[in-house]
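Each chain, letter by letter, is given below.
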Amino acid sequence: MAQVQHIGAASDRVMAALVAGLEIEFGHEAGAALAARFLAAEGPDFHWDARVSERWLGVYESVSDEDLELDRVAICGRLDGDWFAATCIVDGEGMAHGMIGHRVFRTERQARRAFAHAR
């Protein structure tokens, strides 16, 4: 039997597990601070995985000469208790390469409104 739950609850549990694991390894005082650093360093991946909605915005025009084709994708979701809307730079395999225009909101409604107006 499959268990289905809202991605926001799952992302909150992932953050709690990350903090708990870091506390075991580095002590109670360091757990939350290190988790915040992980989130900052790997923000696009964490946010991409925590999305509940996505919408293709168009091709990402890279300044570099790479032959990698990237897209701009608007996302909306919940991470670590906060709702967000952002634009991710994503490759054809569905891997996030960057994030632009990230905003945090108090409510799902505010985040979805920003998501709907993303360009």
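Report on the accompanying structure. Throughout, a residue's number is its position along its own chain's written sequence, starting from 1. Selection of residues for local features in this predicted model requires a pLDDT of at least 70, selection of side-chain atom pairs for listing and counting requires 80 or more, and totals for whole chains, interfaces and linings are taken over all residues. Side-chain numbers come from the whole structure's heavy atoms, not from hydrogens or water.

### Overview of the overall build of the protein
Helix and strand definitions here come from DSSP, where helices need a minimum of 4 consecutive H or I residues and strands a minimum of 2 consecutive E residues; each element is numbered from the N-terminal end. Each helix and strand in the protein was counted, giving four helices and four strands. Listing the helices and strands of the protein from first to last along the sequence gives α-α-α-β-β-β-β-α. Buried means the residue's accessible area, taken with a 1.4 Å probe over protein chains only, is under 20% of the maximum for its type, while exposed means over 50%, and partly exposed covers the values in between. For the protein, the residues scored as buried account for 34% of the 119 residues in total. By the convention used here, residues are in contact when the closest approach between their heavy atoms is within 4.5 Å. A separation threshold of at least 6 residues defines the contact pool for the protein, and within that pool the share at least 24 residues apart is 44%. For accessible areas, the Shrake-Rupley method is used with a probe of radius 1.4 Å. Any residue's cover is judged against the shown protein chains and nothing else. Counting every atom, the protein has about 7,900 Å² of accessible surface; 52% of that belongs to carbon and sulfur.

### Let's talk about the pattern of salt bridges
Criterion for a salt bridge: a side-chain nitrogen of Lys or Arg within 4 Å of a carboxyl oxygen of Asp or Glu. Inspection of the entire model under this criterion finds two salt bridges. Two residues, E54 and R51, come together in a salt bridge whose shortest N-O distance is 2.6 Å. Residue R112 is joined to E108 by a salt bridge in which the shortest nitrogen-to-oxygen separation is 2.9 Å. One end of the pair, R112, and the other, E108, are both in helix 4 (residues 108-116), four residues apart, so they sit about a helical turn from each other.

### Digging into the pairing of strand 4 (residues 96-105)
Note on pairing: two strands pair once DSSP finds at least 2 bridges between them. Bridging between strand 3 (residues 82-91) and strand 4 involves seven bridges; their strand directions are antiparallel. Each bridged residue has a counterpart across the sheet, and for V90 the counterpart in strand 4 is A96. Count of turn residues in the strand 3/strand 4 antiparallel hairpin: four residues, of which G94 carries a positive phi of about 80°.

### Thoughts on the packing of aromatic side chains
Working definition: rings of Phe, Tyr and Trp (its six-membered ring) pair if their centres are within 6.5 Å, and the pair is stacked with planes under 30 degrees apart, edge-to-face with planes over 60 apart, and tilted otherwise. In total, this model carries zero aromatic pairs according to the counting rule given. Definition used: whenever NZ (Lys) or CZ (Arg) falls within 6 Å of the ring centre and also within 35 degrees of the ring normal, the charge is taken to sit over that ring. When the ring centre of W48 is taken as origin, the NZ or CZ atom of R51, which lies over that ring, is 3.8 Å away. Positioned above the aromatic ring of F115 is the side chain of R55, whose terminal nitrogen or guanidinium carbon lies 5.4 Å from the ring centre.

### What about unusual backbone geometry?
Despite not being glycine, D80 has its phi angle at roughly 55°, a positive value. Considering the arrangement of structural elements, one finds D80 in the loop between strand 2 (70-79) and strand 3. Of the residues examined, D80 reaches a relative accessible area of 44% and is grouped as partly exposed.

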